Structure formats: C-alpha cells, structure tokens
Amino acid sequence: MINHESIVLIAEDEENSRVLLENTLSAVGYRVLSASNGQEAIALAKTCTPDIIVSDILMPVMDGYALCRCIKKDEALKQVPFIFYTATYTDREDEVLALSLGADRFIVKPVEMQELLRIMEETIESSSKGKASVREPQLPDEQLEQMHNERLQSKLNNKLAELDSERKRLLESEQRFRDYAEASSDWFWESDRDMVITKITSGPPELLFFGLSGLAKRIECATDPVDDPHQGYLESLRQKKAFQDVILEFEGSNQRLLTIRFSGKPYYDSHGEFQGYRGVGRDMTETVALIHQIEYLATHDELTGLPNRSHFWECLNLALSRARLNVCRLSLLFIDVDHFKRINDTLGHDAGDQLLQEIAARIRRTIREHDTIARIGSDEFVLLIEEEYPSGAHRVALDILKQFEAPILVREQRIFVTVSIGLSVYPDDTQQAKMLLSYADLAMYRAKEQGRNSFQYFTDELNLAAHEWLSIENGLHQALERNELFLLYQPQIDLKSRRLIGVEALIRWRHPERGLIMPDKFIPIAEQSGLIVNLGRWCLDTACRQIRAWDSENFYVPRVAVNISARHVRNSRISEDVCAALAAHGVEPGRIGIEITEHTLLENVDTISHTLNDMHRRGTYLALDDFGTGYSSLGYLKLLPVDELKIDRSFIRGVAERDDDIAIVKAVIALGKTLGKKVLAEGVENFEQAGVLEALGCDAIQGYLVAKPLSSVEVKSWTAPPLPFEEPGQAGTVIDTA
Ligand SMILES: Nc1nc2c(ncn2[C@@H]2O[C@@H]3COP(=O)(O)O[C@H]4[C@@H](O)[C@H](n5cnc6c(=O)[nH]c(N)nc65)O[C@@H]4COP(=O)(O)O[C@H]3[C@H]2O)c(=O)[nH]1
C-alpha cells in the first residue's frame, strides 16, 4: 500500500510527460515534486528529501545519469531509491550504466501506468523496510564517468547520424522537386498579401509587380456568364480560395499577345494569417497558336487557303440565319471551271494546282470583305453574297466571268480558262441550305449547257429578272451617251392665287427598242449600280438648260424641282453639282429645287445635314418628298433647312373620304405652319381633294387635276384649272377645319 506521506521527485524536461506523471502520481496519493532537469532535481531533493526519484535520462543542463551520480555521492540522499524512466536511452549499455550508477530500476517507455506505479510502490516499500540494501554505485567513479561519457558520445553519434540522414533526405527531396520544376514548362510565382506578384521563377517578366485582380481584366470573357472564367477567378481571389487553370491573355513585351494558364493557392503563416498566393503558370501561346493552326488546316483548303467544304456548310448555315434575321436575300454562286479535267491532264497536276490558285485569286478579287468564298471540290468554288437585291450577285457573276477574259500564265504558257456559274437565291428558291447548294449546282449545269462561260439562275423568273436588270443597266449607260433620256415637267400651283409656282422634273427614257420606259423601272437599277449620280447630274443640267430656254422664250417658270436620290445626296459633291449646273446655264440658285425623299433624310440625317445646309445657304430650295411615309422625327425637321413638305400621294387619295387621311393631312399642314415650312400636296386628281386641301390651309398642290407631266413645249400652253375648285354642278364637301 502507498504511504500517503510518500514524496516522489520527478525529473523530466518534457512538459507533457511530466504533467502526466504528476497528475497520475498525485491522484494515487503521492506528494509530487517536479524538476525539469537534474540540477533543479538536486536542489529540490536537498530541501525536501523524497522517498523516491523517478528520472528521465536525456535532459538539458544536467542529464539523468549525472543526477543519479550526484544523488549517490550525497550522504543524505544516497539511500533514496532511484528509478530511470526513459524513452531515448534504451540500449542495453544504457541499462548497464544506469544500474552501475546505483539506480534501483531502469524502465523503458512506454509502460503501463499501473506497472510503473507497482514498481515504484515495490521499490519504496523494500527500501523503507530495509528489505533491500541501498543500491550503491557498482563501479569506481572514474569508470562510471567514462561509461557516462561513452553513452553521451554514442547518443551524440546516433543523433549526428540521424541528422545527417535527415539532411540527405531533405536534399534528395529538394533535388527531386527541383528536377520536377526544371523538367516542367511551368513557372512559379508568389504574391504578397496585397495580391501583388512579388516573385516569379521565369515566365513573362512583365507579370512581376502586377496585381492578381488586374490580370482578370485581360481574361477573354466567355459569352456565357455562367462559366465566365473572369468572374470565377475574381470570386476565388475575393474569397481567398485556390483557382486552377485560368486562361488569360497578357500583352508581353513588343506588344506580343501571350496566352497564359494560371493556377494559385493561398498560403498562411504559422498563426493562420493569410500571406498571399503561390502558384504555377504556363505559357500557352504556342499551344493556342498550334490549336488555331490545326483548326485552320481542318477548315481550309491547303492549295488555295480558302475555306473547305465542311467549313463552307458552317458559313452557309450562319449566313442563312443572318438572312432570316435581317429579312434579306442570300445568293449562292456555284462556280465550276470549264474543261478543267482536260487542262489538268494536258498540263500535269502541278500546273493544274497553279492554275487553281490563280483561279481562286481571281474570284477572290471580285468579292467584298464580308462575302464568303470556299473551294468545295477540285475545280468547284462557291460564293455567298448577302444582299437585298439579287442584282448584287449577278453583278459579281459578271465580274467573275470578266476576270477570265485575260489568259492565265502557267509555266510560260498562256492558258485561257472560262467558268460556268449557277446561282440560287434564298428565300426565292428555297429556305434550306442543302437545296440552295443543289439548286446552284443544277443552275451551273444549265450554264454549261448554254455553252459555258456564262451564268444562270436556278429559277426562270430570277433568270429573266436578272437578265432584264442587266440589259437595263447596260442600256442606261448608252441612254446617257445617246440622249435617250428626257424630262417632263409637272406644274405646281399656289392654292390661294392659282398661279404657277414651279414644276417638278420627271425623267423618262425613250428606249430605241422597248419604247418609253418609266422611272420606276430604271431608277432602282441606277441606284444599285451607282449610275444614279450621273443621272442626277444630267437632270440638274437639263433642268437648268430648260429654265434658260424658257427664259429666252419669255416664258417664266419660277422654279424647277429635281429629284435627287439618297446615294447622290450622301455623296457630298451634290452641292457642287447643283452649283455647276446653275453656273453652266447662268441660272439663279433659287430657281432650282431639290427633292429628296423623307426616307433619304431619315437614313442619313447626320451625314447629309451638312450637305443640305450648304445647298440651302447657296440659295437652293429644298423639298421633302413623300412626306408622311417615313415618320420623321420632329427634332430633325426643326433643325434641317427644308423649305417644303410634300404630302405623299397615298394620303391625298383618300383625303376627301377617309377620316384617317384627313387627320394626317391636317397634322402635316399644322406641322408645316408651326415649323415655318410650305406644304404641297402631290397627286391631287380631283376638285374634291383640292377643295379639302384648300379648306385645310394647304399652300400648294400638284397632280393630274393641275396637269399631267408635260413636255417643255406643253408647259408653255398650260393653263391653271378653273376657280373655285368645284366640278360644275357639285356642292363642295363640308369639312371640319378646326
Ligand atoms: N397617280 C397619280 N400619279 C401622279 C399624279 N401626279 C403626279 N403623279 C406621278 O407621281 C410621281 C411623282 O413623282 P415622285 O413622287 O417624285 O416619284 C418619282 C421619283 O421618285 C422618281 N423619279 C422620277 N424622275 C426622277 C429623276 O429624275 N430622278 C430621280 N432620282 N428620281 C426620279 O420616280 C418616281 C415616279 O415618277 P413618275 O412615274 O414620273 O411619277 C410621278 C408623277 O407622274 C396624280 O395626280 N396621280
């Protein structure tokens, strides 16, 4: 049984072990004295003699062996039983030394606490009852000292060997990581806690001192915000989370665009404080370029560099979606080289390749940047043309045919090549991509049947329209040269005075074979081909010449209004063209009027306002034609120097019967009055309409009631319609003029 007065002295430097022993021994009734080394233990033992000493061996200042030797040399303490309790000095030699020093027991950790308690109790009991004699040192002190030193040396050697092997292990591990790092194309970077990159092992030097969040601005944003890498990366930084394989584009030195793959994870100090990010990066620029090259090779024809058949399908489907969305036409041109096989067989394949490259280059020359060209077979090319009128496509077809008028030089031989072209048009022929291609292919065969070196549309109507279009376009060039064009003049009168205030010049074409052609047949074609500007100049010149001629015949026409197309107005030289015509015939500026449609104004208001102001400043009278059909912004109307609003014929037709037409006409007249502009109604055909317009306060009218378009001679014998505007025997319409 433990004597409750028993004092145990523990010598142990390792705090946890010491506290464990203290608690255990106190719990079973020992009075415990604790020391963290031999020296402290001696001091304690001298003040209060313990009943037993339990000591570790490896301790700072004074180890367990030295403690035991001191105790055994001390007359007052040498009978105190001594137990070594060790975890490090565990060799047989250690036990021999311990017991030789006079220790009672040598216990190697770990040992069950119960077992330790039993041994301690047994040792105290035998020493107190004198059952066992006090253990004395077994060897002379010098020998013990030598043994002690040997043990220490041996332990030191062991420790050194251990440290050495640890160092080797660390070196090996470091070398391993260095090898990994050097073998890898990744580079390493580190940021400070402000997320500024402060270290980088290699990689783009521009990254040094760059903020991590700043890099996000350089990330290509995905179209889908759900997997937008930009946002994900920034969110990781905000939450100080790791991020992996973020792809970003970075402008390196010489403005070279680099693509970088970037991964990082936060790191912390021993207190868990965030210190920054560490990570790896990799230059992906070459890989990305390679991917692009692979993509390019997969989608392009090697010989000509044009998109290949599979890529063409993609382009076609995309173009069809666009055409559907923009409600416009899409023309597909199928181009096949005539007799290519024969040429190829005769010249050999290398020459054939050269020929195809030149053919591709010539076709490419005819198209605009946004048109698509592809090579879909050995001698088959396709072209996609997105345009409202198929005329654009057949002009391109003609251009292509023209490109092959000159021979191709291959190996110093002049080779004459022709092509046959088939055209199909979305949505006129079909709405399906596959059919569009087949129809163009079929049309191309028809072109071959017609003798090659020509083009054919898939449908007869388009074929006719296209050829008609072309014949008008070609004819117009000659019409200008051969004086086939002439002007008619339609009088305009003031409603109050019934006097002639001017005439509108309307163009006509006397075609040598087709007879008289009206402007709606050829003006849109002239617009498309660009001839409209020449036509406009011709009209201005003819109108001025006519004014001068009437003047010389003593017939006074105050003003001649000329229709000018949008294309001509956009061309800022219109102002000079007017001046040139006036100057050529000595006509005052106010006697020429320019009519532009409301649509022209709306589509180009910013670009043409300068031109209009210029013309107005020089005295030209400006009228806005077809007014009411384009919903002009009142803001523009106020700012632009327009003198007259011409109410469109479509509103005048119903002005005597339809409430809505009356309302519109009334509103336009009110608007004109408010803005200080004259209002002229066009297309007035009967007395009723004229009466209503007069009652509503319209300034002037033009139309069959006043006169049909007349020749310059007829104008001279024109007389104003009778006053008032009532058909004989008919009562005037009652209208609310409020
Ligand atoms: N039903 C009906 N029609 C009437 C009446 N009074 C006049 N018209 C017709 O209405 C058109 C008025 O010309 P616009 O609105 O400028 O419309 C013109 C104008 O936009 C364009 N145009 C005519 N001449 C030229 C020109 O020299 N240059 C340009 N760029 N366009 C021109 O062609 C369009 C058609 O000209 P035209 O066939 O000469 O047709 C003329 C004229 O003959 C009427 O009471 N009833």
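Definitions and cut-offs
Residues numbered from 1 in each chain as written. Predicted model: local features only at pLDDT ≥ 70, side-chain atom pairs only at ≥ 80, totals over all residues. Heavy atoms only, no water. UniProt positions renumbered as here; feature names shortened; annotations may be inferred. Axes fitted to C-alpha atoms, helices over the stretch in contact; angles between N-to-C directions. Helix = DSSP H or I, 4+ residues; strand = E, 2+ residues; numbered from the N terminus. Left-handed = near helix turned anticlockwise from the far one by under 90°. Contact = heavy atoms within 4.5 Å. Nonpolar A, V, L, I, M, F, W, Y, C, P; charged D, E, K, R; others polar. Near = heavy atom within 4 Å. Polar contact = N/O pair within 3.5 Å; in protein donor to acceptor, adjacent residues only side chain to side chain. Areas by Shrake-Rupley, 256 points an atom, 1.4 Å probe, with all protein chains shown as cover. Pairing = 2+ DSSP bridges. Buried < 20%, exposed > 50% of the residue type's maximum accessible area, 1.4 Å probe, protein only. Expected span 1.5 Å × (residues − 1).

The protein is annotated in an unreviewed UniProt entry as cyclic-guanylate-specific phosphodiesterase of Methylomicrobium album BG8. As stated in UniProt under Catalytic activity (unreviewed entry), the record for the protein gives "3',3'-c-di-GMP + H2O = 5'-phosphoguanylyl(3'->5')guanosine + H(+)". Taken verbatim from the UniProt record of the protein, the Cofactor (unreviewed entry) comment is "Mg(2+)".

Engineer: Please set out the packing of helix α1 (residues 15-27) against helix α5 (residues 113-128) residue by residue, giving values where relevant.
Structural biologist: It is at 12 Å that the axes of α1 and α5 come closest, and there the two elements cross at 65 degrees. Classified by chirality, the crossing of α5 by α1 is right-handed. Across the interface between the two elements, Leu20, Leu21, Thr24 and Leu25 from α1 touch Met113, Leu116, Leu117 and Met120 from α5. Of the residues that constitute the contact of α1 with α5, the class distribution is 7 nonpolar, 1 polar and no charged.

Engineer: Would you mind going over the site of the ligand in detail, with residue names and values included?
Structural biologist: By nearness alone, 20 residues border the ligand, and Arg508, Asp625, Arg649, Glu685 and Tyr704 come closest of all. In this structure, Arg508 approaches the ligand through a side-chain N or O atom, which is 2.8 Å from an oxygen atom. Asp625 is positioned with one of its side-chain polar atoms (N or O) 2.9 Å from an oxygen atom of the ligand. Surface burial for the ligand is 82%, taken as the share of its 790 Å² of free accessible area covered by protein chains.

Engineer: Help me get a handle on the sheet that holds strand β11 (residues 329-337), residues and values and all.
Structural biologist: What the 5 strands build is an open sheet, ordered β12-β13-β11-β16-β17; its pairing is mixed. Looking along the sheet, the strands with just one partner apiece sit at the ends: β12 (372-377) and β17 (455-457). Between one strand axis and the next, the sheet turns by 20 degrees as a mean value, whatever way the strands run. With 8 bridges joining them, β11 and strand β16 (residues 419-426) adopt antiparallel strand pairing. Counterpart to Ile335 in the pairing with β16 is Ile421.

Engineer: For the pairing of strand β13 (residues 380-387), give the residues involved together with the corresponding values.
Structural biologist: For β13, a buried count of 6 out of 8 residues is recorded, marking the element as mostly surrounded by other parts of the structure. Bridging between β11 and β13 involves 8 bridges; their strand directions are antiparallel. Following the sheet pairing, Leu333 is matched in β13 by Leu383. Pairing of β12 with β13, which is carried by 5 bridges, proceeds in the antiparallel orientation. For Arg375, the partnering residue across the bridge sits in β13 and is Phe381. What sits between the antiparallel neighbours β12 and β13 is a turn of 2 residues.

Engineer: Report on helix α6 (residues 141-183), specifying residues and quantitative values.
Structural biologist: Along an α-helix, residues three or four positions apart point the same way, because every turn accommodates 3.6 residues. Compared with an ideal rise of 1.5 Å per residue, which puts 43 residues at 63 Å, α6 spans 62 Å between its outermost C-alpha atoms and is within 8% of the ideal. Packed against the buried residues of α6 are α3 (64-73) and α4 (92-100).

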